[in-house]
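A closer look at the structure
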Amino acid sequence: MADPWAILLIHFSDDDTEPFDKAWYRRMFTAEGAGDWGMYDWFRDNSHGRVDLAGSEVFGWYTLDMKTSEYIGNGQNQDARRDLVIACKEKARAEGVAVDDFAGTLVILNYGRDLFGGGEGAVAGDDGKNLDVSGLAPAIIAQEMCHVYGLQHSKRLGSPEVEYGDSWDMMSSLGPYSSANPAITTRTVRGELAYPIGPGLNAANMWSQGWLDESRVWSPSGETVSERVTLRPLHRRDLDGHLAARFGELFIELRVAEGWDAGIPRATVLVHLFEQGSSWLVADSKGSFEWTAGSVSGAEGMPAAPAELDLGVVEFTVEQIDAEARSATLRFTRTTGRGAPQFMPEWWLRRRWGWEQLETMSAGESLLVTPHDVTRIPAATRFDVSRQIVVPTFGLDDTAEETVTRITGSAPPIDAFLSPRMPDADSEGHG
Ligand SMILES: [Zn+2]
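Quick caveat: nothing in here was measured; it's all calculated off a predicted structure.

1. Observations regarding the overall build of the chain
For the chain, the count of helices and strands is eight helices and 17 strands. Burial statistics for the chain: of 431 residues in total, 43% are counted as buried. Within the chain, counting contacts between residues at least 6 apart in sequence, those at least 24 apart form 62% of the total.

Here it is in structure tokens:
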């Protein structure tokens, strides 16, 4: 799908310096830079080819009717930021640019006065002096442009307060896993990379935008699953095989240290879910977000259920990761048993895990919460529950109350708990 952007070169009225010629910006942001690690390449690779910046154009320089000192936008003044984008688009319209015909607007200033992205457009700048990492570095500007599409910062389960929780994801940049730009090797005066690239975008974020090629995603074909699946690196469409797996609500992907991901420490399997507008990184049973050979889903130390309950099992394991062969082998298992609920004693929940982990462990199936226990109810089963649903009174963190309300919101009819507990993520903006 053609997704051309309008790139507007803008300066305030009291500073008309032009740090680079227009060809430099075209290389960074349009199809002219194909193969040079600019945004044309980044969006193609990280959207499975769905976002095509062909047709993007660089316009300007244009002079705003505003002095440098008159712009007061910052993180605490989002209104002024939005007003700046609106003023820049207005200026471009007055100059004959059909900005509204473009899929997105990126305002580039002649110095790094601000850096953000939102519904109106994105703003970044670079004065060409290399005093600091450029706001136009692919490792930075890709996130701002993704914000224009509606993507939010990526998170990790267990630490909802951490704004940039997923070091392997562009929506947590500028993180530790960026890497050298093969096309622009400039360093700052302090010796840092001035135009780092990467990392890529995770499968959950791609899916949220309709960018994940689901014809290349493995998912189970029935309720009962026992299958070994080989994954290819998420962004390697050129290789045969599955590029990700979908198991319940979880997105499972392989990333290797090459291309946009050249800065990650080693090949790894990553697991995410998508909720509340963000991707959430999911840990393995030992609490590691970097899944390696031997990693298992779930939570180590979970008490074994009595055998007579004949519980279902929902589990997957990373059997092998072969970075050289660019493949990972996983084993997926799901049995529904005879459908008795899975017992999770309250003490265990309180001592070991929060609600987010518990929801993850449910793998998309339903949870039944009472003051004394939490049960996982396999989706395919029917059984009689006569207990009322009561919001727990024991000490959970602040995020628990909302979750409990959501799970138990339509109590007491038990039917509510036999349907998927998450809102239908397919209903919006996904096709
Ligand atoms: Zn951001």
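Now that the structure has been shown, we can carry on.
2. What about the sheet that holds strand β13 (residues 313–322)?
Taken together, three strands build an open sheet; the order of strands is β8-β14-β13 and the sheet is antiparallel. Either end of the sheet is taken by a strand with one partner, and the two such strands are β8 (225–231) and β13. Geometrically, the sheet is characterised by an average inter-axis angle of 15 degrees between neighbouring strands, direction not taken into account. As judged from the nine bridges shared by β13 and strand β14 (residues 327–335), these two strands associate in the antiparallel manner. Its bridge partner being in β14, Gln320 is matched across the sheet by Thr329.

3. Side note on the nonpolar core
Within soluble globular proteins, side chains that are nonpolar tend to cluster in buried spots. Grouped together as the largest cluster of nonpolar side chains are 92 residues, with contacts concentrated most on Met39, Ile108 and Ala244. At seven residues, the largest contribution of residues to this core is made by helix α4 (residues 138–149). The two domains that each donate at least three residues to this core are domain 1 (5–150 + 167–201) and domain 2 (215–335). What Ala244 contacts, discounting residues up to four positions off in sequence, is Ala203, Leu212, Val217, Leu231, Leu234, Phe251, Ile252 and Glu253.

4. What about the sheet that holds strand β6 (residues 155–156)?
In space, the six strands of this open sheet follow the order β6-β12-β11-β10-β9-β7, with mixed pairing throughout. Since the sheet does not close on itself, it has two edges, and those belong to β6 and β7 (217–218), each with one partner. Here strand β11 (residues 268–275) pairs with strand β12 (residues 278–281) via four bridges, running antiparallel. The partner of His272 across the bridge, within β12, is Leu281.

5. Observations concerning the pairing of β11
Here β11 lies mainly inside the structure; seven of its eight residues are buried. In the sheet, strand β10 (residues 250–255) pairs with β11 via five bridges, with the strands oriented antiparallel. Opposite Glu253, over in β11, you have Leu270 as the bridge partner. Hairpin geometry of β11 and β12 is characterised by an intervening segment of two residues between the two adjacent antiparallel strands and by a positive phi of about 55 degrees at Gln276.

6. A closer look at helix α3 (residues 78–94)
Here α3 contains 17 residues, and its C-alpha end-to-end distance of 24 Å stays within 8% of the 24 Å for a straight helix at 1.5 Å per residue. Of the residues trailing α3, Gly96 is marked for its positive phi of about 95 degrees.

7. Describing α4
The end-to-end C-alpha separation of α4 is 16 Å, in line with the 16 Å expected for 12 residues at 1.5 Å each. Burial within α4 is extensive, with 10 of its 12 residues counted as buried. Along α4, the positions that sit buried rather than exposed are Pro138, Ala139, Ile140, Ile141, Ala142, Gln143, Glu144, Met145, Cys146 and Val148. At its buried positions, α4 is contacted by α2 (39–46), β3 (104–109), β4 (116–117) and β5 (122–125).

8. Here we look at unusual backbone geometry
A cis geometry characterises the amide bond from Gly60 onward to Trp61, with omega recorded as 10 degrees. Mapped onto the elements, Trp61 comes out in strand β2 (residues 57–63). With an omega dihedral of 0 degrees, the bond running from Gly198 to Pro199 counts as a cis peptide bond. In this structure, Pro199 sits in the loop between β6 and α5 (203–208). Although it is not a glycine, Asn130 adopts a positive phi angle of roughly 60 degrees. The residue Asn130 is located in the loop between β5 and α4 in this model. Taking the number of C-beta atoms within 10 Å as the measure of exposure, Asn130 has 16 and is therefore partly exposed. A positive phi is found at Arg326, a non-glycine position, where the angle reads about 55 degrees. Considering the arrangement of structural elements, one finds Arg326 in the loop between β13 and β14.

Criteria and thresholds
- Each chain has its residues counted from 1, running along the sequence as written.
- Two thresholds apply to this predicted model, a pLDDT of at least 70 for residue-level local features and 80 or more for giving and counting side-chain atom pairs, whereas whole-chain, interface and lining totals are computed over all residues.
- Only DSSP runs of H or I covering at least 4 residues are called helices, and only runs of E covering at least 2 are called strands; the numbering of each starts at the N terminus.
- Any residue surrounded by 20 or more other C-beta atoms within 10 Å of its C-beta is treated as buried, while 12 or fewer makes it exposed and the intermediate range makes it partly exposed; C-beta atoms here are placed from the backbone.
- Contact between two residues is assigned whenever their backbone-derived C-beta positions fall within 7 Å.
- We call two strands paired when DSSP finds no fewer than two bridges between them.
- Here the axes come from fitting lines to C-alpha atoms, over the contacting stretch only for helices, and the angles between their N-to-C directions go from 0 to 180 degrees.
- Residues enter a nonpolar core if they are buried, belong to Ala, Val, Leu, Ile, Met, Phe, Trp, Tyr or Cys, and are joined to the set through C-beta atoms within 7 Å.
- Start and end points for every domain follow an automatic or database-based domain assignment.
- Helix span is expected to be 1.5 Å times the residue number reduced by one.

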